Amino acid sequence: MAFEIQPRQSLIVYTYSLKQTRQLKRYGTVMYVSKKMRYVVLYVDRADVASLTEQLNHLRFVKRVVASQRPEINETFNGVAEDMAAAKEDDE
């Protein structure tokens, strides 16, 4: 039996009140709760992001749900300095 890592993505859930934060545990893993700005960082399986976003938006205490853009960002930085230097030369 091989262990497979499930791809996950974070959802930022903005709420009207933090009283219902515990209810969000049934949708995914609660990683962070901001009391001042009233949002919750929730980690869910990447395959379920669209359906969970829709479900969370229908909850009364949720203002909005924003999906993290990190999976779309290229995290390999090899040659970035050369690319920036080439772009700077093109501007001149």
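Undergrad: Got a minute to help me understand the pattern of salt bridges in this structure?
TA: Under the definition given, this model contains one salt bridge. D45 is paired through a salt bridge with R8; the nearest N and O atoms lie 3.1 Å apart. With a gap of 37 residues between them, D45 in strand β3 (residues 39–45) and R8 in strand β1 (residues 8–15) connect regions that are remote in the sequence. A residue is classified by how much of its surface remains accessible, and D45, at 28% relative accessible area, is partly exposed.

Undergrad: Help me out: how do you make sense of the packing of aromatic side chains in this one?
TA: Any aromatic ring pair is given by two values, namely how distant the centres are and how the planes are angled relative to each other. Considering all chains together, one arrives at two aromatic pairs under this definition. The interplanar angle of 50° and the centroid separation of 5.8 Å between the aromatic rings of Y14 and Y39 together place this pair among those described as tilted. Of this pair, Y14 sits in strand β1 while Y39 is found in strand β3, placing the two residues 25 residues apart along the sequence. When its relative accessible area of 22% is taken as the criterion, Y14 is described as partly exposed. Look at Y39 and you get buried, because its relative accessible area is 19%. On the basis of an interplanar angle of 50° and a centroid distance of 6.1 Å, the ring pair of Y32 and Y39 is categorised as tilted. By way of ring pairs, the aromatic residues Y14, Y32 and Y39 are connected into one cluster.

Undergrad: Please clarify how the environment of V65 should be interpreted in this entry.
TA: You can see V65 is positioned in strand β4 (residues 62–67). Along the sequence, V65 and Y39 sit 26 residues apart, while their C-alpha atoms lie 9.4 Å from each other. Excluding residues within four positions of it along the chain, V65 makes contact with L11, I12, V13, T53, L56 and N57.

The rules behind the values
- Residues numbered from 1 in each chain as written.
- Predicted model: local features only at pLDDT ≥ 70, side-chain atom pairs only at ≥ 80, totals over all residues.
- Heavy atoms only, no water.
- Salt bridge = Lys/Arg side-chain N within 4 Å of Asp/Glu carboxyl O.
- Helix = DSSP H or I, 4+ residues; strand = E, 2+ residues; numbered from the N terminus.
- Buried < 20%, exposed > 50% of the residue type's maximum accessible area, 1.4 Å probe, protein only.
- Phe/Tyr/Trp six-rings, centres within 6.5 Å; stacked < 30°, edge-to-face > 60°.
- Contact = heavy atoms within 4.5 Å.

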